[in-house]
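Spelled out from the first residue to the last, the chains are:
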Amino acid sequence: MAKTAPIYLYTGPEFGKRNDAVEALRSKHKKQFGVIDEHSFYLLETPFSQVMTILQSGTLFSDGVFIVCKNAELLKKKDEIQMIADWLENPEDSAVLVLISDEISVDSKLEKLIPQSNRQKFWEMFDNQKLPWVVDFFRQNGYRIQQTAAQMILDMVENNTQSLKNECSRFFVCFPKEHEITEADVDSILTHNREETAFTLFNQIADSTENEQQRLEKGLSILQKIRLSKDNSSVMVIAGLSSCFRKLVLWHNEGESAISGTLMQKQYRSAAKIWSLGQATAILAILAATDMEIRSGGTQMEDILLQKMLYEIIIKKGVQLSTLSQDY
């Protein structure tokens, strides 16, 4: 296979640097071909055959096609791998496929189809890199920040540069340049005006200092806020929770070293007190089943299905309501 095959694989949890790499690739493709069709798909909600149809058919109204396909870890079926192999027999340079996964690796048969030079893993920052990164990000944008305030941000935000950029940028709207960000500012902006996501939802339901009923009530409240927000996709809620529970499985299998970052380690240490390895694995099955049920025609019952899913995760710890009679 030619090293210039127009297929790329970007994996790993460092969303910010990974997104920057995709954007650089997109800009390069535009510069080379001019007007291009751009598409982004989640394999949780789009059949891969549909992705390949667009990739192979091209377009009459542009000079190229650029497709970003997320959840690449789901590409495991023989016919899906074969579709890619067949396409790579004689690909058009103007059609680019970028496969994305939050996981570190994908199916080995898929990985072998992609040139080594077109594969890249994006790891989270080491602990000793985080504080300088935050301080420097504020400095580059004309702001100063107290070291203790920067540490507060790190304790409250996911360990990836995309989340850090998003949260830190909120201060630029609220304060004039040259303002020094203090702990009080962080408390005001991030604590009292926090946007809820699947990851803040997981953080809440994984709080081992609270009982099941408290975690359920607060979890349902966060779920409602997410569903009322602009990023209200049930697919994204399920995908985010699935990513968290896959990390919990990794924690149980490999220990504390499997998760980097003081805040993340504290979070998964708490989660591990609530759910065993077997329960975390069962919960992943519940998440997948809920996703399938919603995508196969359950959209009218979407909110009820999501609430049922949380009940099965928090109260039943991985036991589906339809199988409660079974010994667990």
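Since we're looking at a predicted model, the values are computed, not measured.

**Brief notes about the pattern of salt bridges**
Consideration 1: For the structure shown, the criterion picks out 17 salt bridges.
Consideration 2: Note that Lys165 and Asp20 form a salt bridge whose closest N and O atoms lie 3.5 Å from each other. With a gap of 145 residues between them, Lys165 in helix α7 (residues 161-174) and Asp20 in helix α1 (residues 15-33) connect regions that are remote in the sequence.
Consideration 3: Accessibility expressed as a relative area gives 42% for Asp20, which makes it partly exposed.
Consideration 4: Note that Lys218 and Glu210 form a salt bridge whose closest N and O atoms lie 2.4 Å from each other.
Consideration 5: Each member of the salt-bridge network shares a partner with another, and the members are Glu23, Arg26, Lys30 and Glu38.

**A word on empty space enclosed by the protein**
Consideration 1: On inspection of all chains with the given rule, the structure shows 2 cavities of 30 Å³ or more.
Consideration 2: Empty space within the largest cavity amounts to approximately 40 Å³.
Consideration 3: Taken together, Pro13, Phe15, Glu124, Glu158, Asn159, Asn160, Lys247 and Met264 make up the lining of the largest cavity.
Consideration 4: Residues that form the lining of the largest cavity fall into these classes: 3 nonpolar, 2 polar and 3 charged.
Consideration 5: Volume-wise, the second largest cavity comes out at about 30 Å³.
Consideration 6: Lining the second largest cavity, in full, are Pro13, Phe15, Asp102, Phe199, Ser243 and Lys247.
Consideration 7: Partitioning the lining of the second largest cavity into residue classes produces 3 nonpolar, 1 polar and 2 charged.

**Some thoughts on the sheet that holds strand β5 (residues 119-121)**
Consideration 1: If you walk across this open sheet you meet the 5 strands as β2-β3-β4-β1-β5, and the pairing is parallel. Each edge of the open sheet is held by one strand with a lone partner, namely β2 (36-42) and β5. The mean inter-strand angle of the sheet, taken between neighbouring strand axes irrespective of direction, is 15 degrees.
Consideration 2: In the sheet, strand β1 (residues 7-11) pairs with β5 via 3 bridges, with the strands oriented parallel. The partner of Thr11 across the bridge, within β5, is Lys121.
Consideration 3: Across the sheet, helix α2 (residues 48-57) is in contact with β2, β3 (64-70) and β4 (95-101); its angle to β3 comes to roughly 165 degrees.

**Description of the nonpolar core**
Consideration 1: Phe202, Phe245, Trp275 and Ile313 are the most contacted members of the largest nonpolar core, which has 34 residues in total.
Consideration 2: When residues in this core are grouped by element, the largest group, 8 residues, is from helix α11 (residues 234-254).
Consideration 3: The contact partners of Trp275, leaving out residues within four places of it in the chain, are Phe202, Ile205, Ala206, Arg215, Phe245, Leu248, His252, Ala280, Ile283, Ile313 and Lys317.
Consideration 4: Of all hydrophobic cores here, the second largest spans 26 residues; its members include Ala5, Val65, Val106 and Leu110.

**What about the packing of α11 against helix α13 (residues 277-295)?**
Consideration 1: The interhelical angle for the contact between α11 and α13, taken along N-to-C directions, is 160 degrees, at an axis separation of 9 Å. By the criterion of interaxial angle, the relationship of α11 to α13 is roughly antiparallel. Relative to α13, the crossing made by α11 is left-handed. Residues Ser234, Val235, Ile238, Leu241, Ser242, Phe245, Arg246, Leu248, Val249, His252 and Asn253 of α11 form the contact with α13, whose own contacting residues are Leu277, Ala280, Thr281, Ile283, Leu284, Leu287, Thr290, Asp291 and Ile294.
Consideration 2: Considering only residue class, the contact of α11 with α13 consists of 12 nonpolar, 6 polar and 2 charged.

**Quick word on the packing of helix α9 (residues 198-205) against helix α10 (residues 212-228)**
Between two packed helices, both the angle of their axes relative to each other and the distance between the axes serve to describe the pair.
Consideration 1: Two elements in contact, α9 and α10, have axes separated by 9 Å at closest approach and are oriented at 170 degrees. Taken as axis vectors, α9 and α10 run roughly antiparallel relative to one another. On the side of α9, the interface is formed by Ala198, Thr200, Leu201, Gln204 and Ile205, while α10 contributes Arg215, Lys218, Gly219, Ile222, Leu223 and Ile226.

**Examining unusual backbone geometry**
Consideration 1: Look at Asn71: it is not a glycine, yet its phi comes out positive at around 65 degrees.
Consideration 2: Along the chain, Asn71 falls in the loop between β3 and α3 (78-87).

**Some words on the packing of aromatic side chains**
Consideration 1: Tallying each qualifying case throughout the model produces 12 aromatic pairs.
Consideration 2: Their ring planes at 85 degrees and their centres at 5.2 Å tell us that Phe202 and Phe245 sit as a pair that is edge-to-face. Within this pair, whereas Phe202 is found in helix α9, its partner Phe245 is found in helix α11, the two being separated by 43 residues in sequence. Note on accessibility: Phe202 and Phe245 belong to one class, buried.
Consideration 3: Considering the side-chain rings of Phe202 and Trp275, the 6.2 Å spacing of their centres and the 25 degrees angle between planes classify their relative orientation as stacked. Of this pair, Phe202 sits in helix α9 while Trp275 sits in the loop between α12 (262-274) and α13, placing them 73 residues apart in sequence. Summarising the burial analysis for this pair, Phe202 and Trp275 share the class buried.

**Some words on the pairing of β1**
Consideration 1: With 5 of its 5 residues buried, β1 lies for the most part within the structure.
Consideration 2: Both faces of β1 are covered, namely the face carrying Ile7, Leu9 and Thr11 and the face carrying Tyr8 and Tyr10.
Consideration 3: The sheet contact formed by β1 and β4 spans 5 bridges and is parallel. In the strand pairing of β4, Ile7 is matched with Leu97.

Reading guide: rules and limits
- Residues numbered from 1 in each chain as written.
- Predicted model: local features only at pLDDT ≥ 70, side-chain atom pairs only at ≥ 80, totals over all residues.
- Heavy atoms only, no water.
- Salt bridge = Lys/Arg side-chain N within 4 Å of Asp/Glu carboxyl O.
- Helix = DSSP H or I, 4+ residues; strand = E, 2+ residues; numbered from the N terminus.
- Buried < 20%, exposed > 50% of the residue type's maximum accessible area, 1.4 Å probe, protein only.
- 1 Å grid on protein atoms, 1.4 Å probe; cavity = no way out; pocket = protein on both sides within 12 Å on 5 of 7 lines; lining within 4 Å.
- Points joined across faces, edges and corners; volume = space filled by probe spheres on them.
- Nonpolar A, V, L, I, M, F, W, Y, C, P; charged D, E, K, R; others polar.
- Pairing = 2+ DSSP bridges.
- Axes fitted to C-alpha atoms, helices over the stretch in contact; angles between N-to-C directions.
- Contact = heavy atoms within 4.5 Å.
- Core = buried A, V, L, I, M, F, W, Y, C linked by side-chain atoms within 4.5 Å.
- Parallel < 35°, antiparallel > 145°, perpendicular 65-115°, else oblique.
- Left-handed = near helix turned anticlockwise from the far one by under 90°.
- Phe/Tyr/Trp six-rings, centres within 6.5 Å; stacked < 30°, edge-to-face > 60°.

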